[in-house]
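Each chain, letter by letter, is given below.
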Amino acid sequence: MREQEMADTQLIRKIAKILDEAKTSNAAHHRKLKELSAVRSKSPSLHQFSVAFTKTLTPLFQILKRTSSVERVVRFVSAFASARDPNDASVSDEFLGDFLKFLLVGAAAANKTARFRACQIISEIILRLPDDSEVCNELWEEVIELMKFRVFDKVPLIRTLAVRALSRFVNDSENSDILDLFLEVLPLEQNSEVRKTIVLSLPPSNTTSQVIIDCTMDVSESVRKAAYCVLANKFPLQSLSIKHRTIILQRGLADRSLAVSKECLKLMTDHWLAKCCNGDPVELLKYLDVETYESVGESVMESLLRAGLMKLHNGESIQQYILQASTNERSEGDLADYSKRIQLMEPEVSLYWRTVCKHLQMEAQAKGSDAAATMGTEAAIYAAEASDNNDLLDRILPETVSNYIDLVKAHIDAGPNYHFASRQLLLLGEMLDFSDATIRKVASSFVQDLLHMPLEHEVDDEGNKVVIGDGINLGGDRDWAIAVARLARKVHSATGEFEEVILGVVEELARPCRERTADFIQWMHSLAVTGLLLEKAKSFHWAVEPTELLQSLLLPGAKHVHLDVQRVAVRCLGLFGLLENKLSEELIKQLRISYVKGPFAISTVACKALFDLGMWHGPEEVDRAMGLNILSPVQEENMPSSPINFFDSDGDLNIKLVDLLYAGFATNNWGRALENDDSESVQAVLGEGFAKILLLSEKYPSIPPSFHPLLLSKLISLYFSDESKDLQRLKQCLSVFFEHYASLSANHKKCLSTSFIPVMRSMWPGIDGNPGGSSFMVSKMRKRAVQASRFMLQMMQSPSYAKGTGVEDDNGCKGSPEIIDGSAQPSVECGEEGLAIRIATEVVRFEAKKTPAEKSYVVALCRILASLHFRLSEQGPVKLMSRLLSRVCECVLGEKDLVKELKQMAERLKGLVKDPDQDLLQDEAKLIFGKLDLEFNLDVDGSAAVPETPAPCSTRPSRLRRRVRREEVSSDEENSPASVKSVVPTIPSTIGPRSQRASKTAAMTKITASKAARIEEDFDEDEDSDVTSEESDESNELTD
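Only a predicted model underlies this, so the values are computations on that prediction, with no experimental measurement involved.

Asks: Hey, could you go over helix H34 (residues 708–719) for me, with residue numbers and the actual values?
Replies: Given a rise of 1.5 Å per residue, 12 residues ought to cover 16 Å, and the 16 Å separating the end C-alpha atoms of H34 matches this to within 8%. For H34, the tally of buried residues reaches 10 of 12 residues, placing the bulk of the element in the interior. Where H34 is concerned, the buried positions are His708, Pro709, Leu711, Leu712, Ser713, Leu715, Ile716, Ser717, Leu718 and Tyr719. Where the residues of H34 are buried, they touch helix H32 (657–662), helix H33 (682–695), helix H35 (728–744), helix H36 (746–763) and helix H37 (775–796).

And the structure:
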């Protein structure tokens, strides 16, 4: 026995010596693996070696710090266990099985250090293990099951190692549940390193592609970078859909992190461009469908050009698409048929040349500016680079303007399939020189042809004409109209020349409209050119009187029988009003009528126009144009917003602009103007418009401040309603608005505080007549209201922005911005104190006997109340809240956890009081309530103590058993204000056993009596427990 122990000790020493030498350097691992393998082969038995080996490694499982020497030992041990000796493979497999059993014990240990080291070695072994290793299936299943269990470990590093260990089996058909596990855990995982490991472990498939692409929007930079790495190495370009390709490039190239954008650029250049497109950028653009995703194509080309990865070959230019005419053709004048000389471009080619030319022009301008700003050799270098770029641009562009015009005309005449290429070529016109009078005359004639080009249309089965495009802009496409306008502005660059040319075209096109001989397509064409003029013009310095345009074209168009004509005309009316110095009554009246009486498509455009005019000129100027009586600010402050019967008004009644627009919220008959455009909705326009007005409320003093909480309440309710679920643009707009609104001004927080209770009342089912429904719907509505309350609380507690104005010193220089100090802190009505008092007064207004809806409403309000904080400087609100808190607790005595939170709040308030001996005066309470616009009678002489639950018994010891009956009081008496006792810690020595028993008996009697009263009170009271459970679940949710 002694000899056996000595042999074991000697074997442990040999193994320890080898491990000590292996931890010094990785270079010695190969030699030490041979030595350790020789020790194993010379051992009397494999079992003896395995025991000695595990004993030697035991201290490793107690080291949590990941030092370099410890990590070398882990790698060495893992390599030895996974290595298979070709001379004795069975011994290696048997040792691996014994060692894995040892590691499984450590991986299941309660100690996190042991679990970590065991999972680390298991993951290393699995990743290093050769395919021909033989381990029994039962052992592998045990390892896999334990690693799947460790994916949910509370330690993130252990979860990472478990995922790493399972990554080798994720492709096995026998272990398909591992992939399902990864897909289930990934969206729920909070640690970025674990998410990164899961992403790197996902195999390529249709199921995982969307998951990995979603990770390109992960909050962690490392996870996003890992997602692009996986997409580059595991997903060929052809295996992804066009939509997925564009999403990947759009997100990656615009990523805020330089490392992520570089990884995306590497994916695009090294894998997609080099391997799948043979280095041809035009071929890459063909994979992206640039006609649909033009912005993505532009980003790709700009990234390649900035990175210097685009090399133009000799002879490549736009000129190669223009065939030179022969001498005989020139002499015979056969140049009219330009289509024979033009080779049509594909969409990808046209975008390619447009971006290349734009890049060269910008580079030449930048280098020229640098040359002008420097001197000497540096300036000469910059000038030479600018000259080279200009020369290359001249070689690429058409030789003459006539050739350019022929090229564009050929593509226009080729039909709608070349519409995209035509627009790209039009944008190239900005890079040409039109300074010569002859060239400008030819280009002007071409611009006239573009403006006179009629709208495309088709005839349906019933013989009706249907306009192709949006029906608003020139050519039915806003991008086309912008391209034409930019070319026209380049050709007619003199002051007033652009407006004069467009106005001449408008007069010519409007002649049939004035004579009432035009069909609706001619009307729309004329109004589209008019809209282009009004949109690009800066003022009304025209040869033609603007009033004539208004009376002869715009107003008749707004009254046209065809709805598409009305829509274009109403848009032009809005643009016309922006250019007017003094708004005309007829214009405003027509916009109001179109908003009120028009179909939803026209009402949407009219609503936009009214908001634009109101924000540009001011709401009071719009009302003054209608001849409405403009009251003084004091009168407006006291003037309530009266309800408006929306569809009974003609838009010309004595209704102010803001009231008229707000009335649109209460209308349920709005529809959707365009099925595929969520921004074309009256509700979306109203929400976005009023959000802008609230954000810039200081610029609109004519809107009374008392109206702001009403608007804010409506926006918050709209944001959380089902109506805005499909209005993604509105949701995005309001999310940005709410993020900054409360932090910009103290008045904004005052408005938010005032809006809190109205929002909760409007959203809570069963309050103020709000409909309820099934238990599921009631629960859903309550959860939504709770989310809204927490959202508003988060806004109230957001820090205010520092003042943007700096302090000027004696030299007139501005210093750092002023930070709001303690003396300039917001007043009580703008802070959390005001909100707390509003909530408390709302709670105590409810009677002791409440409906289930009222109980759940009060509980939700009290949970928000317990989260509010008070400032030490606000002594009056602190004392007032201490008084109110005792009455608040009486309303929620049945909620023990909530009462506990309110008691903690009471203790915090008690610690803030500077002078506890000085009570709150009645006048001080009235002053605070007056600041908050609250009408509430508070008994300042009453007790400010928070009631106990159950009420405490008397500290007087009881001597007789029959005194118990006298101490048992009814639940009504205990809950009454008169029975509320001060919270004074009882002295244990004064309470005898009989008194404790009496207190317990009284408490049990109270609970029994209250349960019986609750059952008799209402049969539907069972819902209250559901509300409480829902509330507890909702407390764990966070609203984004």
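Asks: Describe helix H29 (residues 600–617), with residues and values.
Replies: Along its 18 residues, H29 runs 25 Å from first to last C-alpha, staying within 8% of the 26 Å computed at 1.5 Å per residue. Within H29 the residues assigned to the buried category are Ile602, Ser603, Thr604, Val605, Ala606, Cys607, Ala609, Leu610, Phe611, Leu613, Gly614 and His617. Looking at the residues trailing H29, positive phi occurs at glycine 618, about 105 degrees.

Asks: Which residues make up unusual backbone geometry, and what are the values?
Replies: Excluding glycine, residues mostly have negative phi values, and the peptide bonds linking residues are mostly trans. A positive phi angle is found at aspartate 289, which is not glycine, with a value near 50 degrees. Secondary-structure assignment places aspartate 289 in the loop between helix H15 (281–286) and helix H16 (294–306). Phi is positive for aspartate 933, close to 60 degrees, though the residue is something other than glycine. Inspection of the secondary structure puts aspartate 933 in the loop between helix H42 (922–931) and helix H43 (963–967).

Asks: Can you tell me about the confidence of the model for the protein, naming the residues and giving the values?
Replies: Looking at the protein, the pLDDT average stands at 83 and 82% of residues meet or exceed 70. For residues 632–643, every residue scores under 50 in pLDDT, and the model assigns this stretch 10 contacts once sequence neighbours within four places are set aside. In this model residues 804–823 is a low-confidence stretch, pLDDT under 50, and it forms 20 contacts with partners more than four residues away in sequence or in other chains.

Asks: Give me the lowdown on the side chain of serine 350, citing residues and values where you can.
Replies: Residue placement: serine 350 occurs in helix H18 (residues 347–373). A distance of 2.7 Å separates a polar side-chain atom of serine 350 from the backbone oxygen of proline 347. Discounting chain neighbours no more than four positions away, the residues touching serine 350 are Met345, Phe420, Ala421 and Gln424.

Asks: So, a negative patch on the surface: which residues are in play, and what are the values?
Replies: Taken together, the side chains of Glu138, Glu141, Asp172 and Glu174 define an acidic patch exposed on the protein surface. Tracing the backbone shows glutamate 141 in helix H7 (residues 137–150).

Asks: Account for the packing of aromatic side chains, with residues named and values stated.
Replies: Taken as a whole, this structure holds 28 aromatic pairs when the rule is applied. Ring geometry for phenylalanine 61 against phenylalanine 102: centres 5.5 Å apart, planes inclined by 90 degrees, an arrangement best described as edge-to-face. Pair noted here: phenylalanine 61 is in the loop between helix H3 (46–57) and helix H4 (68–82) and phenylalanine 102 is in helix H5 (residues 89–107), with a separation of 41 residues, a long-range link. The buried category is assigned to phenylalanine 61, whose relative accessible area is 9%. Members of the aromatic cluster, each reached through a chain of ring pairs, are Phe49, Phe53, Phe61, Phe80, Phe95, Phe99 and Phe102. The lysine or arginine in question, lysine 731, covers the ring of tyrosine 719, its NZ or CZ lying 4.5 Å from the ring centre.

Asks: Describe in detail the packing of helix H39 (residues 852–865) against helix H40 (residues 875–891), supporting the description with residues and values.
Replies: In contact at an axis separation of 11 Å, H39 and H40 are set at 145 degrees when each is read in the N-to-C sense. Here H39 and H40 pass one another in a crossing that is left-handed. Residues Val858, Cys862 and Leu865 of H39 touch H40, and the partners they reach there are Met881, Leu885, Val888 and Cys891.

Asks: Go over the environment of methionine 763, please, and point to the residues and values.
Replies: Note on placement: methionine 763 falls in helix H36. By relative accessible area, which is 12% here, methionine 763 ends up buried. Spatially, the C-alpha atom of methionine 763 lies 8.9 Å from that of serine 721, the residues being 42 residues apart in sequence. Methionine 763 has contacts with Ser717, Phe720, Asn770, Met781, Arg784, Ala785 and Ala788, leaving out every residue within four places of it along the chain.

The rules behind the values
Residues numbered from 1 in each chain as written. Predicted model: local features only at pLDDT ≥ 70, side-chain atom pairs only at ≥ 80, totals over all residues. Heavy atoms only, no water. Helix = DSSP H or I, 4+ residues; strand = E, 2+ residues; numbered from the N terminus. Expected span 1.5 Å × (residues − 1). Buried < 20%, exposed > 50% of the residue type's maximum accessible area, 1.4 Å probe, protein only. Contact = heavy atoms within 4.5 Å. pLDDT = per-residue confidence, 0-100. Polar contact = N/O pair within 3.5 Å; in protein donor to acceptor, adjacent residues only side chain to side chain. Patch = residues over 30% accessible without salt bridge, like charges linked within 9 Å, V, L, I, M, F, W, Y side chains within 5 Å. Areas by Shrake-Rupley, 256 points an atom, 1.4 Å probe, with all protein chains shown as cover. Salt bridge = Lys/Arg side-chain N within 4 Å of Asp/Glu carboxyl O. Lys, Arg positive; Asp, Glu negative; His and termini not counted. Charge placed at Lys NZ, Arg CZ, Asp CG, Glu CD. Phe/Tyr/Trp six-rings, centres within 6.5 Å; stacked < 30°, edge-to-face > 60°. Lys NZ or Arg CZ within 6 Å of the ring centre and 35° of its normal. Axes fitted to C-alpha atoms, helices over the stretch in contact; angles between N-to-C directions. Left-handed = near helix turned anticlockwise from the far one by under 90°.

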